[in-house]
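# Fold and contact review
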Amino acid sequence: MEINRDLPIKKCEEDLLNRGSFAEALAKVLGSHSTNESVVVGIFGGWGTGKTSIINMIIEKMEKILETNQSNIVMRFSPWNYSSQEDLVNLFFKELSLYIGKSKDKKSKEIIKWLSEYMEVLECEVFENSKVVKLLTSIRKMCSSKNQTLEDVKKNLIQELNKYDKKIIVIIDDIDRLTNSQVLDIFQLVKQIGDLPNIIYFLSMDREMVINALDKKHVGDGEKYLEKIIQIPFLVPEVDKESIRNILDKKVQAIIDTYSDKGESWDLDYKQSIYYNCISLYVKNLR
């Protein structure tokens, strides 16, 4: 027996829903952002609509662009392995530094230096809690000795990022699968560092589930909170029922052909009746 793990597709050649052109258009939107201003792009779609598959195709398209034009850095950030806001900040900035550090040039080294200092001050100033009181005190002493405030460090970081000749595209998928607290943590992270130049955020989620999570965290109106974060929203293209039916029909026919080869006979009229009057009515997406 074959077990289907229902994994998202990884390449455009596996695309059965003709969404390659949509992925390519989004890749061009992300890659052609001409100003240094940060921007937050969102892609909204319900469960099973293929958001991760689209992201995989976008990354494939962008990698092909990068083969000839090294003007972008694509960072796929998975916010699963953290236990507190403090850990999230550390994880994000460490991964960001690793991706930027691959360039190994002077500009990259300067950015990493100020990212490190900004991370240390930011996690204490923005995400204060009982675990970081001692660290907060020590960092404040450090900043005092250097005569640098959080704004001073941020100003230096912004200055270096404005000199950077690359766009940093941060992709965060499956936000709707996080806990309510984690959803809020992610948006707080993007909100606090979302104004850093040359960084583009691409966030994937089920819009209604995220709004519900934000409502439960008492941020006010979850929908308005989300709208303040997401500047450019996209909807996953709807799949017409006929395309779904054709794909399902081919899958079912393949199963029938397998058993027919073994000498088993089928009542095709009965099969058509069950298929069209029962099964197909409940199949709304490829899952």
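Structure first, text after, so check above.
Each value, and the rule that gives it
Residues numbered from 1 in each chain as written. Predicted model: local features only at pLDDT ≥ 70, side-chain atom pairs only at ≥ 80, totals over all residues. Heavy atoms only, no water. Helix = DSSP H or I, 4+ residues; strand = E, 2+ residues; numbered from the N terminus. Buried < 20%, exposed > 50% of the residue type's maximum accessible area, 1.4 Å probe, protein only. Contact = heavy atoms within 4.5 Å. Core = buried A, V, L, I, M, F, W, Y, C linked by side-chain atoms within 4.5 Å. Axes fitted to C-alpha atoms, helices over the stretch in contact; angles between N-to-C directions. Left-handed = near helix turned anticlockwise from the far one by under 90°. Pairing = 2+ DSSP bridges. Parallel < 35°, antiparallel > 145°, perpendicular 65-115°, else oblique. Nonpolar A, V, L, I, M, F, W, Y, C, P; charged D, E, K, R; others polar.

This next bit is on the side chain of Asp174. Position of Asp174 relative to the elements: it lies in the loop between strand E3 (167-172) and helix H7 (180-193). Using a relative accessible area of 15% as the deciding quantity, one classes Asp174 as buried. When near neighbours in sequence (up to four residues on either side) are disregarded, Asp174 contacts Thr52, Trp80 and Ser204.

Here we take up the nonpolar core. Formed by 46 residues in total, the largest nonpolar core has its most connected members in Phe92, Ile175, Phe187 and Leu203. Examining the composition of this core, we find that seven residues originate from one element, H7, more than from any other. In contact with Phe92, not counting residues within four places along its chain, are Met75, Phe77, Val170, Leu189, Ile193 and Tyr201.

Across the interface, H7 lies against helix H9 (residues 222-229) with an axial gap of 10 Å and an inter-helix angle of 35 degrees. In the crossing of H7 with H9, the sense of the turn from one axis to the other is left-handed. Residues Leu184, Phe187, Gln188, Val190 and Lys191 of H7 touch H9, and the partners they reach there are Tyr225, Leu226 and Ile229.

In spatial order, the strands read E2-E3-E4-E1-E5; together these five strands make up an open sheet with parallel pairing. Of all the strands in the sheet, the pair left with one neighbour each is strand E2 (72-76) and strand E5 (232-235). Sheet twist, expressed as the mean angle between neighbouring strand axes with direction ignored, is 20 degrees. Direction of pairing for strand E1 (residues 39-44) relative to E5: parallel, over a ladder of four bridges. Residue pairing in the sheet places Ile43 in a bridge with Phe234 of E5. Helix-sheet contacts for helix H3 (residues 85-101) involve E2, E3 and strand E4 (199-205), and the interaxial angle to E2 is about 145 degrees.

Right, let's get into the environment of Leu157. Inspection of the secondary structure assignment puts Leu157 in helix H6 (residues 150-163). Spatially, the C-alpha atom of Leu157 lies 8.9 Å from that of Glu117, the residues being 40 residues apart in sequence. Setting aside residues up to four positions removed in sequence, Leu157 forms contacts with Ile111, Trp114, Leu115, Tyr118 and Leu196.

Where H3 contacts H7, the two axes come as close as 10 Å, and the packing angle between them is 55 degrees. Relative to H7, the element H3 is oriented oblique. As H3 runs across H7, the sense of the crossing is right-handed. Between H3 and H7, the contacting residues are Gln85, Leu88, Val89, Phe92 and Phe93 on the first element and Asp185, Ile186, Gln188, Leu189 and Ile193 on the second. Class assignment of the residues belonging to the contact of H3 with H7 gives a composition of seven nonpolar, two polar and one charged.

The next thing to look at is the pairing of E2. A large share of E2 lies buried, amounting to four of its five residues. Both E2 and E3 contribute to a ladder of five bridges, which runs parallel. Considered in E3, the bridge of Met75 is made with Val170.

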